Amino acid sequence: MRDYLLTLCVTAAVTYLLTGPVRKFAIATGAMPEIRARDVHREPTPRLGGIAMFFGLCAGLLVADHLHSLNSVFELSNEPRALLSGAALIWLIGVLDDKFEIDALIKLGGQMIAAGVMVMQGLTILWLPIPGVGTVSLTQWQGTLLTVALVVVTINAVNFVDGLDGLAAGMVCIASAAFFLYAYRMWFGYGVEAAAPATLFASVLMGMCLGFLPHNMHPARIFMGDSGSMLIGLVLAASAISVTGQVDPDALKLFEGGTRQATHAALPVFIPLLLPLTIIAIPVADLLLAIVRRTWKGKSPFAADRGHLHHRLLEIGHSHSRAVLIMYFWSALIAFGVVLYSVHSASMWIVFAIVVLSFVGLVLLLLPRFTPRAPRWAESFVPPRYRRRPRSAAPVPAPAPGIPPGPAADPADPADAAAVSPEEGRIPVPAGINGATAIGSRSRFTAARK
């Protein structure tokens, strides 16, 4: 565990330290696209954050290669080299897309080639565990097609969810943390050496995301771009493939007894295939809703709009940061809930806790619709959003033609203080970084008169 933490810290430190120079390089090279209609940021922001993340990946693998307890991963397996070669190819394609806007079909072909490069070097699904049947060996073509499909779907899912500042990096970090706990348990709990590469990949992926997040949290100073989103999606898929398709379920002594016992015993083996769904579930649901919404309005399914899930969270009243935290909450609930259920599948307390936390998540999701109001005596101790709205002031008559309007009453001026009642002594606060939803101002936010 100490060596894994060292690898994680080195990866995070290299990524964090390189992101600043990469930002200056992106600005100098003009990798700052114009704001599109569906974007939520208000100022042009440089991309190419994936450059720092890729060098963080290289640094983490280099450090792990020189550690005594992790060096065996590179000696006994070719998977780290397969991951590095596939990551280098997908990273180059992402860098070109961030600068020159590559066509979508070309990117899809590059993703398939990167997955094929990893397959050629041994990082592929060799067999699948089926409850009640046992281990089913796959042919070369079946394993290749399944591996390429899993890599492409995971890459595009992460790329699709990258819509808010810090959203994709945070969700992938949560999923990789769940992967790490699962793979580490298989290695040291069951004594399966084949799970060591997946544990290493998950720790390096956590370091990449943690090192980039301080620069990418709202308001973001740099975006990871396709060079970063496709890179972390590929590493996430490689972790799932390594621990699922390379670990022999018979080594875990599963599928013993009846069909029911075999089904429960096979749950830990299926976890790596289910964890990518924690990333895919939200964007895929959003994608299906977007297709139905656009076709219902008579538009093309590929026409961009502002009706995605993160746009809706902003529209109902959530701030940018709170919308991201809500999606973090749901990702963590699904990922760690699945891992806990795989460890204690017979315990109903885990199911009960997941249901309770899901209810809490729904309450947080609908909180802007039912915003409580504090009493008058407690308004000075709560944020402005929980204070009562001021009473509507009397309309000011329009000045006569040719007469300029007089100055507005200043509540802080003693001469005008008498004209402002205690109930009307609060003035609206203009929308800013912390008082806007990235779509419109919040006129209900008020501040107390000084």
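No experiment lies behind these values; they were computed from the predicted model shown.

Caption draft 1: Structural view of the overall build of the protein. Scanning the protein from terminus to terminus reveals 16 helices and four strands. Going through the 450 residues of the protein one by one, you find that 45% of them count as buried. Across the protein, the fraction of contacts at a sequence separation of at least 24, relative to all contacts at a separation of at least 6, is 72%. As presented, the protein carries roughly 22,500 Å² of accessible surface, and 68% of it is formed by carbon and sulfur atoms.

Caption draft 2: Representation of the nonpolar core. Counting residues in hydrophobic clusters, the biggest one holds 84 residues, and the most contacted among them are Leu200, Ile232 and Leu234. With 15 residues, helix H7 (residues 167-190) is the largest single contributor of residues to this core. In this structure, Leu234 is in contact with Leu83, Gly86, Ala87, Ile90, Ala114, Met118, Val151 and Ile155, ignoring residues within four places of it in sequence.

Caption draft 3: Spatial organisation of the pattern of salt bridges. Evaluated as defined, the whole model comprises three salt bridges. Shared partners join several salt bridges into a network, and the residues in it are Asp97, Lys107 and Asp226.

Caption draft 4: Structural context of unusual backbone geometry. Cis geometry is found at the peptide bond from His218 to Pro219, where omega equals -5°. Phi at Leu48 takes a positive value of approximately 65°, unusual for a residue other than glycine. Here Leu48 shows up in the loop between helix H1 (2-29) and helix H2 (50-65). One non-glycine residue, Glu101, adopts positive backbone phi at about 60°. Here Glu101 lies in the loop between helix H4 (79-100) and helix H5 (104-120).

Caption draft 5: Molecular detail of the packing of aromatic side chains. Considering all chains together, one arrives at eight aromatic pairs under this definition. A ring pair is formed by Tyr4 and Phe180, whose centres lie 5.6 Å apart and whose planes are at 80°; its orientation type is edge-to-face. Of the two residues, Tyr4 sits in helix H1 while Phe180 sits in helix H7, which places them 176 residues apart along the sequence. One exposure class covers both Tyr4 and Phe180, and it is buried.

Caption draft 6: Here's a closer look at the side chain of Lys107. With respect to the helices and strands, Lys107 occurs in helix H5. The contact partners of Lys107, leaving out residues within four places of it in the chain, are Ile93, Asp97, Ile102, Asn159 and Asp226.

Caption draft 7: Region of the structure containing helix H6 (residues 140-161). Here H6 is 22 residues long and its end C-alpha atoms lie 32 Å apart, about the 32 Å a rise of 1.5 Å per residue gives. Among all positions of H6, only Gly143, Thr147, Val148, Leu150, Val151, Val152, Thr154, Ile155, Ala157, Val158 and Val161 are buried.

Caption draft 8: Geometry of the environment of Val360. On the secondary structure map, Val360 appears in helix H15 (residues 348-365). Each C-alpha atom of the pair Val360 and Phe329 lies 10.0 Å from the other, and the pair is 31 residues apart in sequence.

Caption draft 9: Looking closely at H5. Over its 17 residues, H5 runs 24 Å from end to end, which matches the ideal 24 Å to within 8%, given 1.5 Å per residue. Among the residues of H5, Lys107, Gly110, Gln111, Ala114, Ala115, Met118 and Val119 are the ones counted as buried. Two or three places before Leu105, at the start of H5, stands the capping residue Asp103, its side-chain oxygen 3.1 Å from that residue's backbone nitrogen. Looking one or two residues beyond H5, the residue adopting positive phi is Gly122, at roughly 105°.

Caption draft 10: Quick look at a nonpolar patch on the surface. A contiguous nonpolar surface patch, about 730 Å² in accessible area, is contributed by Trp349, Phe352, Val356, Phe359, Val360, Val363 and Leu364. Turning to its location among the elements, Val356 is positioned in helix H15. Using a relative accessible area of 38% as the deciding quantity, one classes Val356 as partly exposed.

Caption draft 11: Structural context of the packing of H2 against helix H8 (residues 196-216). H8 packs onto H2 with a crossing angle of 140° between their chain directions and a minimal axis gap of 9 Å. In terms of orientation, H2 lies oblique with respect to H8. Helix-helix and strand crossings are classified by hand; for H2 and H8 the assignment is right-handed. Each of Met53, Leu57, Gly60, Leu61 and Ala64 in H2 lies in contact with H8, whose residues at this interface are Leu200, Val204, Met208 and Phe212. Tallied by class, residues from the contact of H2 with H8 come to eight nonpolar, one polar and no charged.

Cut-offs and rules
Residues numbered from 1 in each chain as written. Predicted model: local features only at pLDDT ≥ 70, side-chain atom pairs only at ≥ 80, totals over all residues. Heavy atoms only, no water. Helix = DSSP H or I, 4+ residues; strand = E, 2+ residues; numbered from the N terminus. Buried < 20%, exposed > 50% of the residue type's maximum accessible area, 1.4 Å probe, protein only. Contact = heavy atoms within 4.5 Å. Areas by Shrake-Rupley, 256 points an atom, 1.4 Å probe, with all protein chains shown as cover. Core = buried A, V, L, I, M, F, W, Y, C linked by side-chain atoms within 4.5 Å. Salt bridge = Lys/Arg side-chain N within 4 Å of Asp/Glu carboxyl O. Phe/Tyr/Trp six-rings, centres within 6.5 Å; stacked < 30°, edge-to-face > 60°. Expected span 1.5 Å × (residues − 1). Polar contact = N/O pair within 3.5 Å; in protein donor to acceptor, adjacent residues only side chain to side chain. Patch = residues over 30% accessible without salt bridge, like charges linked within 9 Å, V, L, I, M, F, W, Y side chains within 5 Å. Axes fitted to C-alpha atoms, helices over the stretch in contact; angles between N-to-C directions. Parallel < 35°, antiparallel > 145°, perpendicular 65-115°, else oblique. Left-handed = near helix turned anticlockwise from the far one by under 90°. Nonpolar A, V, L, I, M, F, W, Y, C, P; charged D, E, K, R; others polar.

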